[in-house]
Amino acid sequence: MTFTGSDISVGTLFSFVIVLTIVEMYFSYSHDKKLYTKKDTWTNIYLMVCAILVNLTMKFATFYLLNYFYDFRLFEIHNPWVYWIVLVLAQDLLYWFLHTVGHNVRFFWAMHVTHHSSEHFNLTTGFRSTVFEPFYRVFFYLPLAFMGFNAMDIMFAYLITQIYGNLVHTRTVGKLHPVFEYIFVTPSHHRVHHACNIRYLDKNMGMVLILWDRMFGTFQEELPEDEIKYGLTTPPEDKGAFNIIFHEFLALSKDVKKAPAFSDKLKYIFNPPGWSHDGSTQIAKKMQKELLEVEKESHYIGNSVKTFS
């Protein structure tokens, strides 16, 4: 077996993430920060292993599809600096779109929800991967092949940006320099993304650049007056790893069955999470609109956590 430069680079960076995780664990326990719990951490590791196995299973199919459509590329970029800059920027934008779909189409949310199910936020939360994402992720990245980027480079760029995405899962780092906060995804931005507060739902979708969220209206700053609560608006009672993966599929199935019309069944599948045919539950945008109206009338910004039964 031979190892490429890409393999060595990814291995080195992933090892760096592991070392940082151990350091953060030590910091948490030595200062009694309670950032980690044993059960939650082991669940994160178990889900990471599941995701790795699915990724390995889909690796050849992903490479084959990207390589196949590369033959139909519309143009090529020959300057290596321009090539890699455009690849990373385009890949990051397509990830923003992939991530946004994962939050706004309930079928995809049923898979992505695994990543948001922890009520803790630390570097191992980044390991709590969307287990089934490798089955459909490649279709969001096909435009890169048409743009003249080869399969290996696309996959390598994704791994590098994914490692950066892991590093922002931390409460240990506060807000960074305003210029960095304006351009890049930071721990502060990603804490917002993992919150179940109404104000913070479906915000800050970027992996590396927060500019996409600023451009497309999905940016939300972390506010000290709205303290973050992590997890889901409706946390599953069973915290077992199997239920963490499949609980939203089960809930979706129940909603589809009770829908009175076929069109309602389709809406449960393709509308945003929270949509209901009888209005018994609401989507995030509607709740956020109501929250802003209440705050506008009262001239007060307070905690916006809401739990559904």
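Our subject is the structure that appears above.
Overview of the structure. In this text the structure is predicted, and so the values were computed from the model without any measurement.

Quick look at helix α4 (residues 106-116)
Then, number 1: Of all 11 residues in α4, 10 are buried; the element is thus mostly enclosed.
Then, number 2: Of all the positions in α4, only Arg-106, Phe-108, Trp-109, Ala-110, Met-111, His-112, Val-113, Thr-114, His-115 and His-116 are classed as buried.
Then, number 3: Residues of α4 that are buried sit in contact with α2 (38-70), α3 (80-104), α8 (187-193), α10 (241-258) and α11 (262-270).

Comments concerning the nonpolar core
Then, number 1: By size, the foremost hydrophobic cluster in this structure holds 29 residues, and its most contacted members are Leu-66, Leu-87, Tyr-141, Leu-144 and Ile-154.
Then, number 2: Elements with a contribution of two residues or more to this core: α3, α4, α5 (137-146) and α6 (151-167).
Then, number 3: Per element, the largest residue contribution to this core is 8 residues, and it comes from α3.
Then, number 4: Beyond its immediate chain neighbours, meaning those up to four positions away, Leu-144 contacts Leu-87, Ala-90, Gln-91, Leu-94, Phe-149 and Ile-154.

Section: the packing of α2 against α6
The axes of two packed helices give the description: the angle between them and the distance between them.
Then, number 1: Remark: α2 packs on α6, axes separated minimally by 8 Å, with the N-to-C direction vectors making an angle of 125 degrees. Classified by the angle their axes make, α2 and α6 are oblique. On the side of α2, the interface is formed by Lys-59, Thr-62, Phe-63, Leu-66 and Asn-67, while α6 contributes Ala-151, Met-152, Ile-154 and Met-155.
Then, number 2: The residue inventory of the contact of α2 with α6, partitioned by class, reads 6 nonpolar, 2 polar and 1 charged.

Overview of the environment of Tyr-136
Then, number 1: Topologically, Tyr-136 is positioned in the loop between α4 and α5.
Then, number 2: On a C-alpha basis, the gap between Tyr-136 and Met-58 in space is 9.8 Å, while along the polypeptide they are 78 residues apart.
Then, number 3: With sequence-adjacent residues up to four places away left out, Tyr-136 is seen in contact with Leu-98, Phe-108, Met-111 and Thr-130.

Structural notes on the side chain of Thr-114
Then, number 1: Summarising the element assignment, Thr-114 is placed in helix α4.
Then, number 2: Beyond its immediate chain neighbours, meaning those up to four positions away, Thr-114 contacts Leu-47, Arg-128, Ser-129, Ile-244 and Ile-245.

Describing the pattern of salt bridges
Then, number 1: Scanning the model with the defined rule gives 10 salt bridges in all.
Then, number 2: Glu-133 serves as the salt-bridge partner of Arg-137, at 3.2 Å between the closest nitrogen and oxygen.
Then, number 3: Glu-133 sits in the buried class, given a relative accessible area of 9%.
Then, number 4: Among the salt bridges present, the one from Asp-226 reaches Arg-199, with a minimum N-O distance of 2.7 Å. Taken together, the residues Asp-226 in the loop between α9 (211-216) and α10 and Arg-199 in the loop between α8 and α9 connect sequence positions 27 residues apart. Grouping residues by exposure puts Asp-226 and Arg-199 together as buried.

Remarks on unusual backbone geometry
Then, number 1: In the Ramachandran plot, Asp-202 falls in the positive-phi region, its phi being about 60 degrees despite a non-glycine side chain.
Then, number 2: Here Asp-202 shows up in the loop between α8 and α9.
Then, number 3: Its relative accessible area of 22% is what places Asp-202 among the partly exposed residues.
Then, number 4: Unusually for a residue other than glycine, Asn-204 sits at a positive phi of about 55 degrees.

Calculation notes
- Residues numbered from 1 in each chain as written.
- Predicted model: local features only at pLDDT ≥ 70, side-chain atom pairs only at ≥ 80, totals over all residues.
- Heavy atoms only, no water.
- Buried < 20%, exposed > 50% of the residue type's maximum accessible area, 1.4 Å probe, protein only.
- Helix = DSSP H or I, 4+ residues; strand = E, 2+ residues; numbered from the N terminus.
- Contact = heavy atoms within 4.5 Å.
- Core = buried A, V, L, I, M, F, W, Y, C linked by side-chain atoms within 4.5 Å.
- Axes fitted to C-alpha atoms, helices over the stretch in contact; angles between N-to-C directions.
- Parallel < 35°, antiparallel > 145°, perpendicular 65-115°, else oblique.
- Nonpolar A, V, L, I, M, F, W, Y, C, P; charged D, E, K, R; others polar.
- Salt bridge = Lys/Arg side-chain N within 4 Å of Asp/Glu carboxyl O.

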